[in-house]
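Coordinate inspection notes
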Amino acid sequence: VSWGVPWARGIVQKSTSFHLANGAGQSMPVQSWSLAYWPDGSVKWTGLAAVVEPASGDTFTVTPGAASEPATPLKVTQTPQAIEVNTGAIVCSIGRSGSGLLRSIKMGSSEIARNGRLAVQLEDRSQLDSTRTLRFEDFTSDIKKVTVEQNGPVRGVIRIDGIHKAEKGTREWLPFTIRLYFYAGLPDIRLVHTIIFDGDEHKDFIRALG
């Protein structure tokens, strides 16, 4: 889970770390980052992330102090070809170029997914009135830039920027941003997919997007 906490002016400084405890006073792993500042430079809003087990209770307290790390911290490893995220439950390889955003996902020694990419089908209606013809064209993701926005120990965030490129031809359209969210110890990947429509609204229609 990720959430935010506001602070009064002058209470929290930029270098402050945070401690998370449940209602029984047990320390819990937490990761924090600053989101906004007061004019005097003190922190106005802090983002936090934690992996909370059901048995941890339903009351929690955040205070300035030393943060606890998870038993198996999330790790991000970068190479010129790919970024690898190891949550302890899965290992995910993210491409820096080409069409494959998720090159592979491994759970233990088994590869459970490969070559995850974006796909768009364009429906061209420019000749519909004159010849009653529809034209379809397939596009796939083309990665332009990959950025590690957070690298653990509790949460990892990878941003992928690119554009959809025609499988046959040279046209590019629909710039996209993908954010992948990973949490320590969990096999889940949260994906937020944003596109910018930069086509001709009179003839370029998105028939399929996924």
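Residues numbered from 1 in each chain as written. Predicted model: local features only at pLDDT ≥ 70, side-chain atom pairs only at ≥ 80, totals over all residues. Heavy atoms only, no water.

1. Thoughts on the sheet that holds strand 1 (residues 2-6)
Ordered in space as 1-5-4, the three strands form an open sheet in which the pairing is antiparallel. Each of the sheet's edge strands pairs with one partner strand only, and the pair in question is strand 1 and strand 4 (31-37). Neighbour-to-neighbour, the strand axes of the sheet open up by a mean angle of 25°, direction not taken into account. Pairing geometry for strand 1 and strand 5 (residues 43-49), over five bridges, is antiparallel. Bridge pairing links V5 to T46 in strand 5. (Pairing = 2+ DSSP bridges. Helix = DSSP H or I, 4+ residues; strand = E, 2+ residues; numbered from the N terminus. Axes fitted to C-alpha atoms, helices over the stretch in contact; angles between N-to-C directions.)

2. Some remarks on the packing of aromatic side chains
Using the criterion set out here, one finds three aromatic pairs in the structure. Here the aromatic rings of W173 and F197 are separated by 5.9 Å at their centres, their planes lie at 70°, and the arrangement is edge-to-face. With a gap of 24 residues between them, W173 in strand 15 (residues 172-183) and F197 in the loop between strand 16 (190-195) and strand 17 (204-209) connect regions that are remote in the sequence. When its relative accessible area of 1% is taken as the criterion, W173 is described as buried. One aromatic cluster is present, formed by F139, W173 and F197 through successive ring pairs. The ring of W38 has K44 sitting right over it, with the charged end atom 4.6 Å from the ring centre. The ring of Y181 carries the charged tip of R190 above its face, separated from the ring centre by 4.9 Å. (Phe/Tyr/Trp six-rings, centres within 6.5 Å; stacked < 30°, edge-to-face > 60°. Buried < 20%, exposed > 50% of the residue type's maximum accessible area, 1.4 Å probe, protein only. Lys NZ or Arg CZ within 6 Å of the ring centre and 35° of its normal.)

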